[in-house]
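The lines below spell out each chain.
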Amino acid sequence: MQAEEPGREQDPIMNRAEERQWMVDVLKQEGIKDEAVLAGMQAVPRHFFVPREMSDYAYDDEALRIEAGQTISQPYIVALMAQALELKSGDRVLEIGTGSGYSAAVLSRLAARVYTIERHKVLADQAGERFARLNYENIEIRFGDGTKGWPEEAPFDAILVTAGGPQVPASLKGQLKVGGRLVMPVGTEKMQELIRVRRNGEQDYREESLGLVRFVPLIGEEGWPLRS
Ligand code: SAM
């Protein structure tokens, strides 16, 4: 876990702390209870992860459009998914769907190391630059198809998929530690159920629903096919 540096509040990237506090208060009202998750959401400057023209809306509890026709998820959903992962400070986490980099940044405040994969190069490059500017040194980013996971770094304590697929990719289930948690939207391209999978044994996976959500599609070998 990375501690915040003293004096960061004066940094132009780290300003708008009051708006982050309002956002966190809304998350509490909506039922987010995990104090580490709330502190992570307070620490990461969401306005630094949205396109300039969206900056005024950065702390609204809404998903926003980003580059490459993708979205940065609603803060409540980011918090709900992070809470469902039940992270410990020593955990190693895999994220599929870096997008803006925001959820990876939040996870990096809660866990020891985050590995994140994005299939759009423009987004992967931009997120990498943001992590560097913020000195978030415990995040590794890769450009490519995340449905195959990151075998060289597996197994992971937790896996988060931030795009909706038809089923949980077998490669990702195999890269989860016994005792690990995976959170992912599963369903049609229009609507999904957010599910948590716990791997309780080598072949023992337990699934539970966390509610209905709507995410952009997970496109790749073990996701939806690319349609032109
Ligand atoms: N976590 C992101 C954030 O905080 O901004 C939100 C991500 S957006 C809802 C989903 C992302 O998943 C998109 O950027 C999309 O390009 C990416 N994606 C879809 N399929 C993918 C795949 N097979 N591998 C990696 N990234 C993928």
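As a reminder, the structure under discussion sits directly above these lines.
All values reported here derive from a predicted model rather than from experimental measurement.

Definitions and cut-offs
Residues numbered from 1 in each chain as written. Predicted model: local features only at pLDDT ≥ 70, side-chain atom pairs only at ≥ 80, totals over all residues. Heavy atoms only, no water. Pairing = 2+ DSSP bridges. Helix = DSSP H or I, 4+ residues; strand = E, 2+ residues; numbered from the N terminus. Axes fitted to C-alpha atoms, helices over the stretch in contact; angles between N-to-C directions. Buried < 20%, exposed > 50% of the residue type's maximum accessible area, 1.4 Å probe, protein only.

Visitor: Quick question: what am I supposed to make of the sheet that holds strand β8 (residues 192-201) here?
Guide: Neighbouring strands of a sheet are bound in pairs by backbone hydrogen bonds; such pairs are parallel or else antiparallel. Pairing is mixed in the open sheet, where seven strands are placed in the order β5-β4-β3-β6-β7-β8-β9. The open sheet has two edge strands with one neighbour each: β5 (139-143) and β9 (204-213). The average angle at which neighbouring strand axes cross in this sheet is 15 degrees, direction not considered. Pairing of strand β3 (residues 92-96) with strand β4 (residues 113-118) involves five bridges; the strand directions are parallel. Each residue of the ladder has a partner; that of Val-93, found in β4, is Val-114.

Visitor: I tried to follow the pairing of strand β6 (residues 156-161) on my own but got confused; where do I start?
Guide: On any regular strand, side chains alternate: one points to one face of the sheet, the next to the other face. Of all six residues that make up β6, six are buried, and the element is covered over most of its length. Where β3 and β6 come together, four bridges link them in parallel fashion. Paired with Glu-95 across the strands is Leu-160, a residue of β6. Across four bridges, β6 lies against strand β7 (residues 176-187) in parallel orientation.

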